[in-house]
Amino acid sequence: MSKIKRHKKAHFAKMREAGHLAANVLNYLELSIVEGVTTGELDRLCHDFIIKHNAIPATLGYEGYPKSSCISLNNVVCHGIPGNEVLRNGDILNIDITVILDGWHGDTSRMYTVGTITPHASKLIQVAYNALMKSIELVGPGVHWGNVGHFIETFVASNGFSVVKDYCGHGIGQIFHDLPQIDHFGTPGEGFIIREGMFFTIEPMVNAGLEETVLLDDGWTVVTFDNSLSAQFEHSIGITEHGAEIFTKSG
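Residues numbered from 1 in each chain as written. Predicted model: local features only at pLDDT ≥ 70, side-chain atom pairs only at ≥ 80, totals over all residues. Heavy atoms only, no water.

A.B. asks: Tell me about the sheet that holds strand β11 (residues 213–215), residues and numbers included.
C.D. replies: The strands making up a sheet associate through backbone hydrogen bonding, with each pair oriented either parallel or antiparallel. One open sheet holds the three strands; their spatial order is β3-β12-β11, and the pairing between them is antiparallel. The open sheet terminates on both sides in strands that have one partner only, identified here as β3 (76–78) and β11. On average, each strand axis in the sheet is inclined to that of its neighbour by 40°, with strand direction left out of account. Where β11 and strand β12 (residues 222–224) come together, three bridges link them in antiparallel fashion. Counterpart to Val214 in the pairing with β12 is Val223. (Pairing = 2+ DSSP bridges. Helix = DSSP H or I, 4+ residues; strand = E, 2+ residues; numbered from the N terminus. Axes fitted to C-alpha atoms, helices over the stretch in contact; angles between N-to-C directions.)

A.B. asks: Pulling in residues and values, what's your account of unusual backbone geometry?
C.D. replies: Residue Pro180 is bonded to the preceding Leu179 through a cis peptide linkage, with omega at 5°. Take Pro180: it is sitting in strand β8 (residues 178–182). The backbone of Asn74 shows a phi angle near 60°, a positive value even though the residue is not glycine. Tracing the backbone through its elements, the reader meets Asn74 in the loop between β2 (70–73) and β3. Here the phi dihedral of Asn227 falls at roughly 70°; this positive angle occurs in a residue that is not glycine. Relative to the elements of secondary structure, Asn227 occurs in the loop between β12 and β13 (230–232). By relative accessible area, which is 57% here, Asn227 ends up exposed. (Buried < 20%, exposed > 50% of the residue type's maximum accessible area, 1.4 Å probe, protein only.)

A.B. asks: Outline the packing of helix α1 (residues 9–29) against helix α2 (residues 39–52), listing residues and values.
C.D. replies: At a closest axis distance of 10 Å, the pairing of α1 and α2 adopts a crossing angle of 140°. Between α1 and α2, the angle is such that the two are oblique. Handedness of the α1/α2 crossing: right-handed. Across from Leu21, Asn24, Val25, Tyr28 and Leu29 in α1, the residues of α2 making contact are Leu42, Leu45, Cys46, Phe49 and Ile50. (Parallel < 35°, antiparallel > 145°, perpendicular 65-115°, else oblique. Left-handed = near helix turned anticlockwise from the far one by under 90°. Contact = heavy atoms within 4.5 Å.)

A.B. asks: Could you give an account of the sheet that holds strand β6 (residues 162–163), with specific residues and numbers?
C.D. replies: Taken together, three strands build an open sheet; the order of strands is β6-β10-β13 and the sheet is antiparallel. Because the sheet does not close on itself, it has two edges, and the strands there are β6 and β13.

A.B. asks: An account of the nonpolar core is requested, with residue identities and associated values reported.
C.D. replies: One finds Val139, Trp145, Val156, Phe192, Phe200, Ile202 and Ile237 to be the most contacted residues of the largest nonpolar core, which totals 34 residues. Put simply, the parts of the chain that give this core at least two residues each are α3 (119–138), α4 (145–158), β9 (199–202) and β14 (235–239). Top contributing element to this core by residue count: α3, with nine residues. If near-sequence neighbours (up to four positions away) are discounted, Trp145 is found in contact with Val139, Ile182, Asp183, Glu190, Gly191, Phe192, Ile194, Phe200 and Ile202. (Core = buried A, V, L, I, M, F, W, Y, C linked by side-chain atoms within 4.5 Å.)

Just geometry here; none of it tells us what the structure is for.
Below is the structure:
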């Protein structure tokens, strides 16, 4: 607990700026999510937009990662490396962006769809979104993280899907990945106690099938074990006196 940073009000202003830019990157991409576009082209758009706005793409070169975004298509859970994959009708994809602006990180991701998707895929995306947004409503000073993680897991399961347990959210601020570790499952009354001034991401990964994942040989791309679809949304938040502020909210 003592190692989890608690930030000052001035730091909230810095995170608002970084989060706003990250959200704007995702908004900027909306019209480009069409059949025939490659994930590599989308990554180039992300990179250019971030640089144009005097920021740095945090993932580029991070522990050897080669691109300015993570783009996870269909059965890819997270950390998909953009490249020559071509978007096709019916695809779903997550784009995960982290910018560094004036030394502060804005980290967010959202789902996009290509053409007409199946009702099952649509439900998966909606459940992933609701799991994130409803969990943020539960966050506030004095709450055990286990209560929030338990809600996420049970909410997802009640809709017939599963939460990935192999990957988690994280503390954020001037450091990309910091304490606390944000598991998207838990036991009520357990886990760290949320305090005012903490910054972290919530980013539940929701699989249409089994929760198990496989790491591919590139050392980054994570896919579902059973080849089922996966969906994810992510926000960076700061804990206030009364709840949580979303730094990366669009619009």
